[in-house]
Protein chains: 2
Amino acid sequence: MKKFLNDPDNLLPESLHGFVRAHQNLLRVNFNPTFVFRRDAPRQSKVAIISGGGSGHEPLHAGLVGPGMLDAACPGEVFTSPTPDQMLAAAQQVDSGAGVLFIVKNYSGDVMNFEMAAEMYSGSQASVLTNDDVAVEDSTFTTGRRGVAGTLVVEKIVGAAAEQGANLDRCCALAQRVNARSASMGVALTSCTVPAAGKPTFEIAEHEIEMGVGIHGEPGKKRMPLVSADELAAQLLQPIVDALELTSSDEVLLLVNGFGATPMMELSLMFECVGRLLDGRQVTICRSLLGNYVTSLDMAGCSITVTKLDPEMRELWDAPVHTAALRWGR
Amino acid sequence: MKKFLNDPDNLLPESLHGFVRAHQNLLRVNFNPTFVFRRDAPRQSKVAIISGGGSGHEPLHAGLVGPGMLDAACPGEVFTSPTPDQMLAAAQQVDSGAGVLFIVKNYSGDVMNFEMAAEMYSGSQASVLTNDDVAVEDSTFTTGRRGVAGTLVVEKIVGAAAEQGANLDRCCALAQRVNARSASMGVALTSCTVPAAGKPTFEIAEHEIEMGVGIHGEPGKKRMPLVSADELAAQLLQPIVDALELTSSDEVLLLVNGFGATPMMELSLMFECVGRLLDGRQVTICRSLLGNYVTSLDMAGCSITVTKLDPEMRELWDAPVHTAALRWGR
């Protein structure tokens with residue numbers, strides 16, 4: 001293992017210090033318990049949106065904290081759920097009294113710890129589970145489908161609604177709707193290496209890929225030989241089309257997401273391959289996102305996320321956002 | 001080699017199609033000859049800023065095309081200079097009559113081909129060479145110092161000036177000033193694999209790193225064992241401090257740039273390590289950039305760039321920009 005590292009036990013706080021140092025006009029960080037939050041929080045009369053999860057998926061979630069998106073993010077150790085005291089302290093810090101919506105990727109540890117935090121929190125709160133990964137049901141760490149890159153879409157759209165004054169009930173219903181209209185599937189070309197473990201999370205042969213991989217390297221649908229980008233795109237897209245029942249009248253957001261070690265040229269190629277397939281189905285890509293947003297440390301690979309947009313969701317996607325990783329509008 | 005790929009000979013056009021598809025409100029692409037340009041070009045009375053170079057460094061340069069930055073980018077094949085007809089056609093497409101500034105990274109092939117394009121172009125034009133890499137003089141592909149991530153800083157600041165109406169002479173002088181006040185140095189933990197070659201560009205042992213590496217995997221100052229992130233930061237920063245003669249009164253832009261396969265947690269850690277060293281020297285980091293901007297395909301590693309800002313440069317850095325990779329302001 002070759003990594004930039006001082007002490008593996010200090011990687012998380014040191015990297016958070018660095019990340020917040022690079023974005024100090026936008027973010028602050030608290031330690032013991034650990035969370036990253038909007039410098040201008042709490043925002044009066046605004047529902048606070050809080051997410052979190054194991055580290056190693058950066059820029060998710062701390063890179064999505066800021067006006068128009070998250071109020072706080074609670075990072076656990078690498079690939080490890082944050083603890084309830086983190087979410088509780090974050091809620092106490094950023095809630096102005098309008099309540100808190102917790103956005104939780106569906107992994108058993110995260111679900112349990114966010115539930116405990118919600119029980120401990122004395123203010124109004126609600127939780128939404130994201131489970132956009134259509135590759136497998138019931139995998140390592142998860143009962144039911146996993147929450148992956150579609151979580152970013154939920155966070156963006158609900159973050160915009162909260163910024164515009166939507167109340168807790170509306171934010172919660174919207175998050176559920178976006179999640180239900182999003183589907184993702186990923187493929188890994190390589191494993192990833194957790195710094196504290198020092199060796200790859202799983203073994204994979206040269207010329208072999210993991211179709212339907214999870215963002216922690218969990219097994220997917222199958223091991224198979226590497227095939228062309230066009231063929232991979234078809235195999236990634238078909239289960240998404242099926243799950244969303246995509247038809248030729250649909251307008252979608254297409255997110256092609258890198259897992260961390262795949263060059264932009266290859267991600268752009270995958271965007272093109274998926275785009276051609278959607279063209280062939282007369283599905284309109286009306287919004288796009290391309291890059292490394294929900295990563296798996298140094299894994300080579302990518303995921304495809306499709307969200308079926310409706311006019312309200314599209315408008316909220318377009319609303320201003322100012323975070324480290326997503327930034328547009330005023 | 002495991003890569004997302006159809007035909008290696010078509011990777012460049014297919015990936016450009018995908019990149020422009022994902023950014024279609026912003027960009028257009030021309031083929032035969034190949035260049036990416038602002039959808040709204042040519043802009044009346046505005047000096048056109050054109051850059052380019054071998055592919056494999058994405059998002060540089062096509063990801064930096066848009067209002068406030070480049071008017072066009074000319075991508076060569078991977079790690080291969082674009083040909084003069086590309087720069088000539090781009091200039092003809094985007095020049096409104098106010099002239100063209102070519103920003104050229106200092107590699108012998110690029111320098112020669114941009115010079116030929118400049119000679120062939122009938123309009124007003126000037127060229128600036130970037131050579132911010134302080135690691136080595138006279139390396140593979142280069143006479144003198146190499147142009148690396150500091151090129152992005154030049155493109156941002158000069159792009160802002162051009163957008164505000166600066167004439168060709170002023171853009172050229174400003175580009176030279178920013179380049180002279182920028183210094184970079186990189187380190188590789190791994191090699192990178194050019195898709196058409198199918199094997200790593202160089203061999204490097206486990207636990208060994210290349211200090212001062214170039215962005216095509218060119219040799220740097222030395223091979224050495226991997227040391228702590230703090231020690232690496234110190235070794236990367238010292239030659240930059242020396243070259244810029246940084247003192248405690250200086251205000252700088254710090255860019256910590258990933259080479260493509262290094263997780264954000266590790267880049268954030270490196271930002272923190274360099275930040276602490278600058279703190280210790282009472283150098284103020286007044287602007288920051290952290291992420292994968294000038295990559296080397298799938299190389300693990302990073303570079304540090306420091307630019308000594310003056311008030312005008314800082315104001316131009318803050319000016320609005322709207323590109324795929326950098327976006328802020330109105």
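About the cut-offs
- Residues numbered from 1 in each chain as written.
- Chains lettered and ligands numbered in written order.
- Predicted model: local features only at pLDDT ≥ 70, side-chain atom pairs only at ≥ 80, totals over all residues.
- Heavy atoms only, no water.
- Domains from an automatic or database assignment.
- Buried area = accessible area lost by both parts, 1.4 Å probe.
- Salt bridge = Lys/Arg side-chain N within 4 Å of Asp/Glu carboxyl O.
- Contact = heavy atoms within 4.5 Å.
- Polar contact = N/O pair within 3.5 Å; in protein donor to acceptor, adjacent residues only side chain to side chain.
- Helix = DSSP H or I, 4+ residues; strand = E, 2+ residues; numbered from the N terminus.
- Nonpolar A, V, L, I, M, F, W, Y, C, P; charged D, E, K, R; others polar.
- Least-squares fit on C-alpha atoms with pLDDT ≥ 70 in both.
- Buried < 20%, exposed > 50% of the residue type's maximum accessible area, 1.4 Å probe, protein only.

1. Digging into the domain arrangement of chain A
All names here are of chain A. Domain annotation of chain A identifies domain 1 (9-181) and domain 2 (183-310). The centre of domain 1, based on its C-alpha atoms, is set 23 Å off from the matching centre of domain 2. Contact between domain 1 and domain 2 buries roughly 2,500 Å² in total, counting both sides, with carbon and sulfur atoms accounting for 65%. When the buried surface of domain 1 facing domain 2 is broken down by residue, Phe79, Val134 and Arg181 rank first, second and third, together holding 26% of it. Our enumeration of links across domain 1 and domain 2 arrives at one salt bridge.

2. Quick notes on the interface of chain A and chain B
Counting from both sides, the interface comprises 59 residues of chain A and, opposite them, 59 residues of chain B. Broken down residue by residue, the surface that chain A buries against chain B is led by Lys2, Phe4 and Met265 of chain A, which jointly contribute 21%. Connecting chain A to chain B are eight salt bridges. Where lysine 3 of chain A meets glutamate 266 of chain B, a salt bridge forms, and the shortest distance between an N and an O atom there is 3.0 Å. At the junction of chain A and chain B, the tally comes to 27 residue pairs in polar contact (both at pLDDT 80 or more). Counting only elements with at least two residues in the side of chain A that touches chain B, the list comes to helix H1 (11-22), strand S8 (208-211), helix H6 (229-244), helix H7 (264-280), strand S11 (284-291), strand S12 (301-308) and strand S14 (327-328) of chain A. It is H7 of chain A that contributes the most residues to the side of chain A that touches chain B, 12 residues altogether. Looking at the side of chain A that touches chain B residue by residue, the class counts come to 29 nonpolar, 15 polar and 15 charged.

3. Here's the deal with the relation of the copies chain A and chain B
For the pair chain A and chain B, the relating rotation is 180 degrees, the translation along its axis is 0.0 Å, and the fit reaches an RMSD of 0.0 Å. Each copy turns onto its partner about a two-fold axis. Measuring from the rotation axis to each C-alpha of chain A, the shortest distance belongs to alanine 261 of chain A, at 1.9 Å. A shared interface surface links the copies, since 100% of the contact residues of chain A are contact residues in chain B too.

4. Describing the side chain of serine 296 of chain B
All names here are of chain B. Looking at the secondary structure, you find serine 296 in the loop between strand S11 (284-291) and strand S12 (301-308). For serine 296, a relative accessible area of 0% corresponds to the buried category. Residues contacting serine 296, with those up to four places away along its chain left out, are Gly56, His57, Phe79, Cys192, Gly214, Ile215, His216 and Phe259.

5. Focus on the pattern of salt bridges
In the structure shown here, the tally under the stated rule is 42 salt bridges over all chains. We note a salt bridge from aspartate 279 of chain B to arginine 21 of chain A, for which the minimum N-O separation is 2.9 Å. Of the two residues, aspartate 279 of chain B sits in helix H7 (residues 264-280) while arginine 21 of chain A sits in helix H1, which places them in two different chains. A relative accessible area of 40% places aspartate 279 of chain B in the partly exposed class. Arginine 21 of chain A sits in the buried class, given a relative accessible area of 17%. When the shortest N-O distance is used, the salt bridge between aspartate 71 of chain B and lysine 46 of chain B registers 2.6 Å.

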